[in-house]
Amino acid sequence: MYQKTIVIGKVSGAHGIRGEIKVYPLTDDVQRFCDLEYFICEGTRYSIDAVRFHQGQVLIVSGQIPDRNAAERMKGKLLEVDRADAVELEEGEYFIEELKGLTVYDTSSERICRLKDIMQTGAVDVIVFDCEGKELMMPYLKEYVSEVNIKGGYMKADLSKGISG
């Protein structure tokens, strides 16, 4: 499913008294925050005045977040950027948010499922499917996933390789 925005982080709290927000990065490359001029939160575009890193989190200063109270109100909210400003991916790479919700056609049966989530475990990502109300998981490997079509809104995979959850 082609999305207009891509999630890059989640606000975990406020830092200091001047409106700096702490962001848990949801991107493989945290340095990408240094190149951003803005982020979008709940439909509002915020300019980025400064970025720094502290204890595995990204600290962001925006003139639109004037104080700690305003920063604390953002806790738990997702930060996004326009899809056009997202990092370029190699062929065969996808943003997790683009994969969520895809219709999944099981190549080993007639079953049709929905891609619910992808868990990043370190060694290999794990795909989580909703198949007729049951959760099914499998490693995201080329030998199991034969086709991904974001624009078409579907994926083809051999779900016989999955593990019921």
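For the structure itself, look to the data block above.
Right, let's walk through the structure included here. Per chain, the residues get numbers from 1 upward, laid out in the order the sequence is written. Where totals are concerned, whole chains, interfaces and linings use all residues; where local detail is concerned, this predicted model gives features only for residues with pLDDT of at least 70, and gives and counts side-chain atom pairs only at 80 or more. To get the side-chain values, take all heavy atoms of the structure and skip hydrogens and water.

1. So, the layout of surface pockets
Argument step 1. Within this model, the largest pocket holds a volume of roughly 1000 Å³.
Argument step 2. Cavity: a set of points on a 1 Å grid over the protein atoms alone where a 1.4 Å probe fits but cannot get out. Pocket: an open set with protein on both sides within 12 Å along at least five of seven lines, its lining residues, like those of a cavity, having an atom within 4 Å of a point. Taken together, 34 residues make up the lining of the largest pocket; nearest its centre are Tyr94, Phe95, Ile96, Gln120 and Asp125.
Argument step 3. Labels follow the DSSP assignment, with helices taken as runs of H or I lasting at least four residues and strands as runs of E lasting at least two, numbered in each case from the N terminus. When residues of the lining of the largest pocket are traced back to their parent elements, those giving at least two are strand S1 (5-15), helix H2 (96-99), strand S9 (112-120) and strand S12 (145-149).
Argument step 4. For this classification, the nonpolar set comprises Ala, Val, Leu, Ile, Met, Phe, Trp, Tyr, Cys and Pro, the charged set comprises Asp, Glu, Lys and Arg, and every other residue, Gly included, is treated as polar. Its residues assigned to classes, the lining of the largest pocket comprises 19 nonpolar, 4 polar and 11 charged. Grid points are joined across faces, edges and corners, and a volume is the space filled by probe spheres set on the points.

2. Section: the nonpolar core
One broad rule of soluble globular proteins: the nonpolar side chains tend to lie buried together.
Argument step 1. Formed by 21 residues in total, the largest nonpolar core has its most connected members in Ile21, Val23, Phe39, Ile60, Ile65, Met74 and Leu79.
Argument step 2. Broken down by secondary-structure element, the contributors of at least two residues to this core are S1, strand S2 (20-25), strand S3 (38-41), strand S6 (57-61), helix H1 (68-72) and strand S7 (78-82).
Argument step 3. Ranked by residue count, the leading element in this core is S3, at 4 residues.
Argument step 4. The criterion used for residue contact is that any of the two residues' heavy atoms lie within 4.5 Å. Dropping the residues within four chain positions of it, Ile60 is found in contact with Gly19, Glu20, Ile21, Val23, Phe33, Phe39, Ile48, Ala50, Val51 and Leu79.
Argument step 5. We call a set of buried residues a nonpolar core when its members are Ala, Val, Leu, Ile, Met, Phe, Trp, Tyr or Cys and they connect through side-chain atoms within 4.5 Å of each other. Note on exposure labels: buried denotes an accessible area under 20% of the residue type's maximum, exposed denotes more than 50%, and partly exposed covers the range between, all computed with a 1.4 Å probe on protein chains only. Core analysis: the next-biggest nonpolar cluster, separate from the first, contains 18 residues, Val104, Leu115, Leu136 and Ala157 among them.

3. So, the environment of Asn149
Argument step 1. In this structure, Asn149 sits in strand S12.
Argument step 2. Residues Asn149 and Lys10, 139 residues apart in the sequence, show an inter-C-alpha distance of 27 Å.
Argument step 3. Each residue touching Asn149, except ones within four places of it in the same chain, is listed here: Leu102 and Tyr154.
Argument step 4. The term polar contact refers here to a pair of N or O atoms within 3.5 Å; inside protein, the definition further demands a hydrogen-donor-capable atom paired with an acceptor-capable atom, and it admits residues adjacent in sequence only when both atoms are side-chain atoms. Only 3.3 Å separates the side chain of Asn149 from the backbone nitrogen of Lys151, close enough to count as a polar contact.

4. Things to note about the state of the cysteines
What makes a disulfide is a covalent bond joining the sulfur atoms belonging to two cysteines.
Argument step 1. Disulfides are defined in this document as cysteine sulfur pairs within 2.5 Å. Tallying each qualifying case throughout the model produces 1 disulfide.
Argument step 2. Here Cys113 connects covalently by a disulfide to Cys131, the sulfurs 2.1 Å from one another. The sign of the S-S torsion, about 115°, decides the handedness of the disulfide formed by Cys113 and Cys131: right-handed. Of this pair, Cys113 sits in strand S9 while Cys131 sits in strand S10 (residues 125-131), and the two are 18 residues apart along the sequence.
Argument step 3. With relative accessibility at 4%, the residue Cys131 sits in the buried group.
Argument step 4. In this structure Cys34 is a free cysteine whose sulfur lies 20 Å from that of Cys41, the closest cysteine sulfur available.

5. Observations concerning the environment of Ser12
Argument step 1. By the element assignment, Ser12 lies in strand S1.
Argument step 2. Using a relative accessible area of 26% as the deciding quantity, one classes Ser12 as partly exposed.
Argument step 3. If we skip the residues at most four places from it in the chain, Ser12 touches Lys22, Val23, Tyr24, Gln57 and Lys75.
Argument step 4. Polar side-chain contacts of Ser12 include one of 2.5 Å to the side chain of Gln57.

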